Amino acid sequence: GESVGLHLPTLSVQEGDNSIINCAYSNSASDYFIWYKQESGKGPQFIIDIRSNMDKRQGQRVTVLLNKTVKHLSLQIAATQPGDSAVYFCAEILNGGATNKLIFGTGTLLAVQP
Amino acid sequence: DVKVTQSSRYLVKRTGEKVFLECVQDMDHENMFWYRQDPGLGLRLIYFSYDVKMKEKGDIPEGYSVSREKKERFSLILESASTNQTSMYLCASSLPGRPQFFGPGTRLTVL
């Protein structure tokens, strides 16, 4: 079947290098942001989240940076591995409402070269 | 770990058939969601539910309906399947104010 990765911007990195995936979000009123990873044929997997009162959050090998001034979000992956190859989506939630409606970015395909 | 399961990974149906896609989550989440995902169009919200028997239309509800009779189960119904409903269908669930967790997806083909 068709891959979700078709038509997406692609970031190609060497194994062991650091990766930086960028996302511009649409609404200055959004106050909660999430990064998802989607491998081929699977559902999106939660990676890390950040609230608008923070500008940086770290997880295991991943760091999310938030710049509210320019409505920009980035995901940094340290020491990228072949298993990191996937499509990465950012998502924003408007006003953190109880219904949690997400607005998804279009995604970036990360291709890790051995 | 949160577990969201979907009844089928692959499904093939004929035009005009009634199709049921089932989703079950085991983490007592209030919110549940149905999306479809198509190349070049990304994830689009069909319907969501924030409580039992409650439902709200998403961005593309036409041709679909949903049912939430129990908290853990959210069903997507295609009353009369059409070829333009061939897609990957993803279910998700969440607590209020927390990330959505997705199931593995159902790839539906309508012939």
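Whatever comes next refers back to the structure up there.
This text gives an overview of the structure that appears in the document. (Residues numbered from 1 in each chain as written. Chains lettered and ligands numbered in written order. Predicted model: local features only at pLDDT ≥ 70, side-chain atom pairs only at ≥ 80, totals over all residues. Heavy atoms only, no water.)

**A few points about the packing of aromatic side chains**
Okay, step 1: Enumeration over the complete set of coordinates arrives at 12 aromatic pairs over all chains.
Okay, step 2: With a centroid separation of 4.5 Å and an interplanar angle of 50 degrees, the aromatic rings of Tyr25(A) and Phe33(A) are classed as tilted.
Okay, step 3: Its relative accessible area of 7% is what places Tyr25(A) among the buried residues.
Okay, step 4: On the accessibility criterion, Phe33(A) (1% relative accessible area) is buried.
Okay, step 5: Ring centres of Tyr36(A) and Phe104(A) lie 6.0 Å apart, and the angle between their planes is 45 degrees; on these two criteria the pair is classed as tilted. Note that Tyr36(A) is positioned in strand 3 (residues 30-38) and Phe104(A) in strand 9 (residues 102-104), a separation of 68 residues in sequence. As far as the burial class goes, Tyr36(A) and Phe104(A) line up, both buried.
Okay, step 6: Feature note: the residues Tyr36(A), Phe46(A), Phe89(A), Phe104(A), Phe33(B), Tyr35(B), Phe48(B), Phe101(B) and Phe102(B) constitute an aromatic cluster, connected by ring pairs.
Okay, step 7: A cation sits over an aromatic face here: Arg51(A) above Tyr32(A), 3.9 Å from the ring centre. (Phe/Tyr/Trp six-rings, centres within 6.5 Å; stacked < 30°, edge-to-face > 60°. Buried < 20%, exposed > 50% of the residue type's maximum accessible area, 1.4 Å probe, protein only. Helix = DSSP H or I, 4+ residues; strand = E, 2+ residues; numbered from the N terminus. Lys NZ or Arg CZ within 6 Å of the ring centre and 35° of its normal.)

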